[in-house]
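# Chains, contacts and geometry: an overview
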Amino acid sequence: MIFLALTIYTNQISEVLMNHIQGSLIHEGKAKRVFACENPNRVLIEFKNDATAFNAKKRSEIDGKGRLNCKISAALFKLLELNGIPTHFLELQSETFMIADKINVIPLEVVIRNIATGSLCRETPINQGTILNPPLLDYYYKDDELGDPILTEKRLKLLDLISTSQIEEVETITRSVNKILKEYFDDLDLLLVDFKLEFGFNSLGKIVIADEISPDNCRFWDKTNSDPKGRILDKDRFRQDLGGVIDAYEEILKRIEKDSSNAS
Ligand code: TMP
């Protein structure tokens, strides 16, 4: 039985390899690998089990994380596409691989916060849990060696990575995504505390959301749990050594899947 299951699994993997991976690894990041496809405008993205924090100073491997982040990201990208938000996502290829547009990555991390926590509270006197209305949107320059520094508006313009109108477009998309996801998760009894988006240009030169949307780059608090540590259902469990990382990620996927089965 186990052998049969393994054979089916192995066949699935080789089908993925035969049909969609040309063999060339384009890029390996901390949590994902990007492979070329037969179609030059597409890539295959593999979600790894590696977990890192504090610019990879803290590292671990968490069994099952890649699968969960891949499935959660796919579900959220689909939700955004249904709401008219352009993303790089095309199709889920397997439990840990997705097919996406090949993009030119814009080296920016766009963080939007609904509730104050994390670096905002470490770096300013703003109290934990302060409601941020309107949500606070900040840009960080994506460069591990520089420690992803926060950018002022003037520094962002000085860097000239994208035009002023493209900055406005990125901001409009990020605020729309926040509105859509905040309402969506609220119905799943989850507070969307904050999250980070990355963007790129697809082959048509259009700005699309890239990377992933998962508990690795979002903070979720369980509305049904008032314990400040117990309610955390995201990578803060790893960052703060709280344990139960996979259980938390499973819970997010479970609520998303329950919602989609109710909808169909
Ligand atoms: P921060 O409070 O540590 O600045 O994080 C804000 C949000 O951005 C949080 O949801 C986690 C996410 N994030 C990333 O996805 N990658 C990063 O490198 C960092 C620092 C934060």
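Residues numbered from 1 in each chain as written. Predicted model: local features only at pLDDT ≥ 70, side-chain atom pairs only at ≥ 80, totals over all residues. Heavy atoms only, no water.

### A short note on the overall build of the protein
Quick note on the threshold: Secondary structure elements are defined from DSSP: runs of H or I of at least 4 residues count as helices, runs of E of at least 2 residues count as strands, and each element is numbered from the N terminus. Atoms counted for the radius of gyration: C-alpha only. Globule rule: 2.2 Å times residue count to the power 0.38. Partly exposed describes any residue whose relative accessible area lies between the buried limit of under 20% and the exposed limit of over 50%, with all areas from a 1.4 Å probe on protein chains only and scaled to the type maximum. Working definition of accessibility: Shrake-Rupley area with a 1.4 Å probe, residue cover restricted to the visible protein chains. By the counting scheme adopted, Arg and Lys are positive, Glu and Asp are negative, and His together with the chain ends is not counted. Here the site of a charge means atom NZ of a Lys, CZ of an Arg, CG of an Asp or CD of a Glu.
Helices and strands together make up the secondary structure of the protein, namely seven helices and 15 strands. In terms of C-alpha radius of gyration, the protein reaches 19 Å, essentially the compact-globule figure of 18 Å for 264 residues. Principal axes of the C-alpha set define a box for the protein whose edges measure 60 × 45 × 40 Å. Looking at the 264 residues of the protein, the share that counts as buried comes to 46%. Working note: accessible area of the protein is about 14,000 Å², and carbon and sulfur atoms make up 51% of it. Across the protein, the mean location of the 34 positive side-chain charges is 3 Å away from that of the 42 negative side-chain charges.

### Section: helix α2 (residues 65–82)
Basically, it comes down to this: One fewer than the residue count of a helix, multiplied by 1.5 Å, yields its expected span.
For α2, spanning 18 residues, the distance from its first C-alpha to its last is 26 Å, which sits close to the expected 26 Å at 1.5 Å a residue. Two residues or fewer past α2, Gly84 is found with a positive phi of approximately 80°.

### Focus on helix α5 (residues 164–187)
In this model α5 runs 35 Å from its N-terminal to its C-terminal C-alpha over 24 residues, within 8% of the 34 Å that 1.5 Å per residue would give. For α5, every residue scored as buried is listed here: Ile167, Val170, Ile173, Thr174, Val177, Asn178, Ile180, Leu181, Tyr184 and Phe185. Positioned one or two residues after α5, Asp189 has a phi angle of 65°, which is positive.

### Let's talk about the site of the ligand
Which entries qualify depends on this criterion: Put simply, a residue is near a molecule or strand once any heavy atom of it comes within 4 Å of that molecule or strand. Whenever two N or O atoms come within 3.5 Å, that pair is a polar contact, provided that in protein one can donate a hydrogen and the other can accept it, and provided that, for residues adjacent in sequence, both atoms are side-chain atoms. When residues are grouped by polarity, Ala, Val, Leu, Ile, Met, Phe, Trp, Tyr, Cys and Pro land in nonpolar, Asp, Glu, Lys and Arg in charged, and all others, Gly among them, in polar.
In the region of the ligand, 14 residues are neighbours, and Arg113, Ser119, Asp194, Lys196 and Arg219 sit closest. A distance of 2.6 Å is found between an oxygen atom of the ligand and a side-chain nitrogen or oxygen belonging to Ser119. The separation between an oxygen atom of the ligand and a polar side-chain atom of Asp194 is 2.6 Å. Here the ligand loses 79% of its free accessible area of 450 Å² to cover by the protein chains. Of all the secondary-structure elements, those providing two or more residues to the shell around the ligand are β9 (108–115), β12 (190–197) and β15 (218–222). For the shell around the ligand, a count of residues per class yields three nonpolar, three polar and eight charged.

### Points about the confidence of the model for the protein
For clarity, the cut-off: For every residue, the predictor states its confidence as a pLDDT score lying anywhere from 0 to 100. In what follows, a contact means two residues having at least one pair of non-hydrogen atoms within 4.5 Å.
Of the residues in the protein, 91% reach a pLDDT of 70 or more, and the chain-wide mean stands at 92. Low confidence marks residues 1–18, where pLDDT is under 50. Its contacts with residues over four positions away, or in another chain, come to five contacts.

### Describing the pairing of strand β10 (residues 131–141)
The criterion, for reference: For two strands to pair, DSSP has to find at least two bridges joining them.
For β9 and β10, the ladder comprises seven bridges, and the chain directions are antiparallel. The residue of β10 that forms the bridge with Glu109 is Tyr140. Of the pairings in the sheet, the one linking β10 to strand β11 (residues 150–151) comprises two bridges and is antiparallel in character. Paired with Tyr140 across the bridge in β11 is Ile150.

### Examining the packing of α2 against helix α7 (residues 245–263)
A pair of packed helices is characterised by two quantities: the angle between their axes and the separation of those axes. We apply this condition: Comment: axis = line fitted to C-alpha atoms, over the contacting stretch for helices; angle = value between 0 and 180 degrees taken between N-to-C directions. Convention used here: angles under 35 degrees read as roughly parallel, angles over 145 as roughly antiparallel, angles from 65 to 115 as roughly perpendicular, and any remaining angle as oblique. Left-handed describes a crossing whose near helix is turned anticlockwise from the far helix through less than a right angle; right-handed describes the clockwise counterpart.
Two elements in contact, α2 and α7, have axes separated by 10 Å at closest approach and are oriented at 30°. As judged from the angle between their axes, α2 and α7 are roughly parallel. Once α2 is placed against α7, the crossing between them reads as left-handed. Contacts between α2 and α7 involve Lys65, Arg67, Leu68, Asn69, Lys71, Ile72, Ala75 and Leu76 on the former and, on the latter, Ile246, Tyr249, Glu250, Ile252, Leu253, Ile256 and Glu257.

### What to know about the side chain of Asn69
Assignment of secondary structure puts Asn69 in helix α2. Side-chain polar atoms of Asn69 contact the side chain of Asp216, separated by 3.3 Å. Setting aside chain neighbours within four positions, we find Asn69 in contact with Phe47, Glu212, Ser214, Pro215, Asp216 and Tyr249.

### Some details on the pattern of salt bridges
Any two side chains of opposite charge can pair, given that their charged atoms come close. The criterion, for reference: Salt bridges are identified by distance alone: a Lys or Arg side-chain nitrogen within 4 Å of an Asp or Glu carboxyl oxygen.
Taken as a whole and judged by the stated rule, the model has 26 salt bridges. For the salt bridge of Glu212 with Lys32, the shortest nitrogen-to-oxygen distance reads 2.6 Å. Highlighted residues: Glu212 in the loop between β14 (207–209) and β15 and Lys32 in strand β2 (residues 32–36), separated in sequence by 180 residues. A residue is classified by how much of its surface remains accessible, and Glu212, at 5% relative accessible area, is buried. Lys32 sits in the buried class, given a relative accessible area of 12%. Between Glu250 and Arg67 there is a salt bridge, with its nearest N and O atoms 3.5 Å apart. A residue pair is termed long-range when its members are at least 10 positions apart, and Glu250 in helix α7 and Arg67 in helix α2 qualify at 183 residues.

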